[in-house]
Each structure stands twice: as C-alpha cells, then as structure tokens.
Amino acid sequence: MSSRIAFLKGHGTENDFVILPDPENALDLPPAAVAALCDRRAGIGGDGVLHVVRSAAHPDARHLAAEAEWFMDYRNGDGSVAEMCGNGTRVFARYLQHAGLAAEGDLAIATRGGVKKIHIAKDGDVTVGMGSARLPEGEVTVSVGEHSWPARNVNMGNPHAVAFVGDLADAGDLLSPPPFRPAAAYPDGVNVEFVVDRGPRHVAMRVHERGSGETRSCGTGACAVAVAAARRDGADPAVTGTPVTYTVDVPGGTLVITERPDGEIEMTGAAVIVAEGEIAADWLESVVG
Ligand SMILES: N[C@@H](CCC[C@H](N)C(=O)O)C(=O)O
C-alpha cells in the first residue's frame, strides 16, 4: 500500500486552502504538486496551500525562529510562491489551535512577509496584524471587456490594484487576469480588487488573485481595499490620530479592517477547519512526474 500524507482543508471567508502539516520540512512540494492538490476536480481543491513547517526547519524562515515557532510556507493555486496571504495566516492559526499546537489568545506566525501577530478570540474570530500598507505613486488602469477604471496601487507585502466600479458585475467572469497598465507598476503580476460602496465605511469587493484566479475572499486584498477607500474618503489615521474601521464584504463573508494611527492594520474574520484526511503519496508523485 502506498504511503499517506496527512492534510486538512480549511477556509477563511471561503478563501480555501489545503493544509499540509510538515514540521520538519520533509515534503517535496514543486509547483506541479501544489497545482495538483489545488485542482478542484482531479485533486483536493483550494485557492492555495498552507505548508505548515517549523521556522527553524525552513531556509526562508530560519532567521525568524526566535520570534515565531511556525512558518506559513504559502503557495498560490498555480504553485507560485506569494509574499503574504492574510486569510491564510488566520486559517493557519486555526489549524495550530485545532492541532493543539497553539491556544486561544495571542500567537505569532512567520511568513515571507515577516512575523504576523495573531489573536484567536473566544468568540471564534481570528485577528491578524497585517503590518502597514504602502501606496506607491502613479496612475494604474485596470480593464475588463469594454470597461476601464483607474486603480489605486496598494502594497500589503504583496501587490494589489484597487478599482472602484459602478457595479461588481462589470468585473465580468474574471476567468482570466484583468489587464492592467502600466506593466512596470507590477513586474511580478498583481491581485486586482473591484469595489463598490455599501454604506458609510462599508464596501463590497470581488477579487482576481494572482496565481489563483477569482476567489471568494482575499485578506491582503480586503486590507488594500479598506486603505484605498479610506484615502478616497479623506480618512487617514496617521493624520487624524484616530483609528479607521471599514467593513469589507467579500463573496464568501465579511472582514473587518482597522487601520491605526501608527499605520498598523488589523483584519478580523472567521477561520474554519472543515476536513482532515490522507493523500496517497503515489498519486502526488505521479502528478509531479
Ligand atoms: N488570498 C490571499 C492572498 C494570496 C496571495 C496572492 N494571490 C498573491 O499572489 O499575492 C489573502 O488572503 O491575502
């Protein structure tokens, strides 16, 4: 009988992940293996993979081991590596709690975007300190079909283009990445958010994620949207000294985003483990070839 690899499936506001516990970093995870695991018909299915490794055992996180025991080695659904995944950190924390590796309350997780502080609340929601946003200058344009919109370039550790639109349906089927200009603004590709207003400090968004396609939620994207909406609305906590909170509806739920006067952004929402199982190692080896 073929050997087995343990996995779990989880989601944060329906941004869903295959979770691979691998404390000593023993798994070989080339892009083809990640893409096969994330395939919704031939694999398990997910927007990405959360590879759970001890920081000390991973070359990208060894330097963070004193601050955070666990490293979120995040991969997009196409197998590409991304700097950060906001919903991923919340689901990762939920996994650590589920596995008895962390308790309710505060913990730290290492990511390629640095160490993130997490709080697992009694009511079940998970909050992550996302760091601050960078807002590079310059005009960006995003197009879908005959529609084109100016977009705000927001970097949350990973790149985002945030476009305020009249109707979320104008973003089309989002099966292919929306073209953007200028290409130089995003040499490594970009996540694109389409946003409409729902009320005071309340917006709704759709997202096309780099490396995963349209997803039902994106945590870094929701933070980028909250910051872009705040600046558009003339709200800047660094200027007023007052935190600003936006509610961001995503197709898979709701995220609450607060930006503080020191620039720190906190994101809160649901994070759920839905299944546990085993992967046939010979299947995974066969898809990698
Ligand atoms: N879904 C994530 C973002 C994942 C990475 C993104 N696709 C990228 O390539 O930058 C989130 O919740 O932030």
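Residues numbered from 1 in each chain as written. Predicted model: local features only at pLDDT ≥ 70, side-chain atom pairs only at ≥ 80, totals over all residues.

### Remarks on the nonpolar core
Line of reasoning, step 1. The biggest cluster of nonpolar side chains holds 80 residues, and the ones touching the most others in it are Ala93, Ala222, Cys223, Val225 and Val248.
Line of reasoning, step 2. Among the elements that make up this core, the one with the highest residue count is helix H3 (residues 219-232) (8 residues).
Line of reasoning, step 3. For this core, the domains that each give at least three residues are domain 1 (4-131 + 271-288) and domain 2 (140-263).
Line of reasoning, step 4. Ignoring sequence-local partners within four residues, the contact set of Cys223 consists of Gly86, Met130, Ala133, Met156, Ile257, Ile265 and Met267. (Core = buried A, V, L, I, M, F, W, Y, C linked by C-beta atoms within 7 Å. Buried ≥ 20, exposed ≤ 12 C-beta atoms within 10 Å, placed from the backbone. Helix = DSSP H or I, 4+ residues; strand = E, 2+ residues; numbered from the N terminus. Domains from an automatic or database assignment. Contact = placed C-beta atoms within 7 Å.)

### Side note on the packing of helix H2 (residues 86-98) against H3
Line of reasoning, step 1. At a minimum axis distance of 5 Å, the contact between H2 and H3 shows a crossing angle of 130°. On the basis of their axis angle, the class for H2 and H3 is oblique. Contact residues: Gly86, Asn87 and Arg90 in H2; Gly219, Thr220 and Cys223 in H3.
Line of reasoning, step 2. Looking at side-chain class alone, the contact of H2 with H3 contains 1 nonpolar, 4 polar and 1 charged residues. (Axes fitted to C-alpha atoms, helices over the stretch in contact; angles between N-to-C directions. Parallel < 35°, antiparallel > 145°, perpendicular 65-115°, else oblique. Nonpolar A, V, L, I, M, F, W, Y, C, P; charged D, E, K, R; others polar.)

### Some points on the confidence of the model for the protein chain
Line of reasoning, step 1. Here the protein chain averages 96 in pLDDT, and 99% of its residues register 70 or above.
Line of reasoning, step 2. Taken over the whole predicted complex, pTM reads 0.97, whereas the ipTM for its chain interfaces reads 0.99. (pLDDT = per-residue confidence, 0-100.)

### Digging into the packing of helix H1 (residues 31-38) against helix H5 (residues 281-288)
Line of reasoning, step 1. It is the contact of H1 with H5, at a shortest axis distance of 8 Å, that shows an interaxial angle of 120°. For the element pair H1 / H5, the angle class is oblique. Crossing of H1 over H5 shows right-handed handedness. On H5, the residues that touch Ala32, Ala33 and Ala36 of H1 are Leu284, Val287 and Val288.
Line of reasoning, step 2. Residue composition of the contact of H1 with H5, by class: 6 nonpolar, no polar and no charged. (Left-handed = near helix turned anticlockwise from the far one by under 90°.)

### As for H3
Line of reasoning, step 1. Between its terminal C-alpha atoms H3 stretches 20 Å, which fits the 20 Å expected from 14 residues at 1.5 Å a residue.
Line of reasoning, step 2. Two residues or fewer after H3 comes Gly234, characterised by a positive phi angle close to 80°. (Expected span 1.5 Å × (residues − 1).)

### Remarks on the site of the ligand
Line of reasoning, step 1. In the neighbourhood of the ligand, 17 residues make up the surrounding shell, with Ala82, Asn87, Asn158, Gly219 and Thr220 lying closest.
Line of reasoning, step 2. Contributions of two or more residues to the shell around the ligand are made by H2 and H3.
Line of reasoning, step 3. A per-element tally of the shell around the ligand places H2 first, with 3 residues.
Line of reasoning, step 4. When grouped by side-chain class, the residues that make up the shell around the ligand number 3 nonpolar, 12 polar and 2 charged.
Line of reasoning, step 5. Both domains that furnish three or more residues to the shell around the ligand are identified here as domain 1 (4-131 + 271-288) and domain 2 (140-263). (Near = placed C-beta within 6 Å.)

### Overview of the domain arrangement of the protein chain
Line of reasoning, step 1. Looking at the assigned domains, one finds that the protein chain contains domain 1 (4-131 + 271-288) and domain 2 (140-263).
Line of reasoning, step 2. Once you take the C-alpha centre of each, domain 1 and domain 2 turn out to be 24 Å apart.
Line of reasoning, step 3. Counting from both sides, the interface comprises 20 residues of domain 1 and, opposite them, 19 residues of domain 2.
Line of reasoning, step 4. At 3 residues, H2 tops the list of elements feeding residues into the side of domain 1 that touches domain 2.
Line of reasoning, step 5. Looking at the side of domain 1 that touches domain 2 residue by residue, the class counts come to 4 nonpolar, 11 polar and 5 charged.

### Section: the UniProt feature "binding site: substrate" (unreviewed entry) in the protein chain
Line of reasoning, step 1. The UniProt entry lists Asn15, Asn76, Gly86, Asn87, Asn158, Asn191, Glu209, Arg210, Gly219 and Thr220 under the feature "binding site: substrate" (unreviewed entry), expressed in the numbering used here.
Line of reasoning, step 2. By secondary structure assignment, the location of Asn15 is in strand E2 (residues 15-21).
Line of reasoning, step 3. Exposure remark for Asn15: the 33 C-beta atoms within 10 Å place this residue in the buried category.
Line of reasoning, step 4. Not counting residues within four places of it along the chain, the set of residues in contact with Asn15 comprises Asp47, Asn87, Thr215, Arg216, Ser217, Cys218 and Gly252.
Line of reasoning, step 5. Positionally, Asn87 belongs in helix H2.
Line of reasoning, step 6. Overall, Asn87 belongs to the buried group, with 36 C-beta atoms counted inside 10 Å. (UniProt positions renumbered as here; feature names shortened; annotations may be inferred.)

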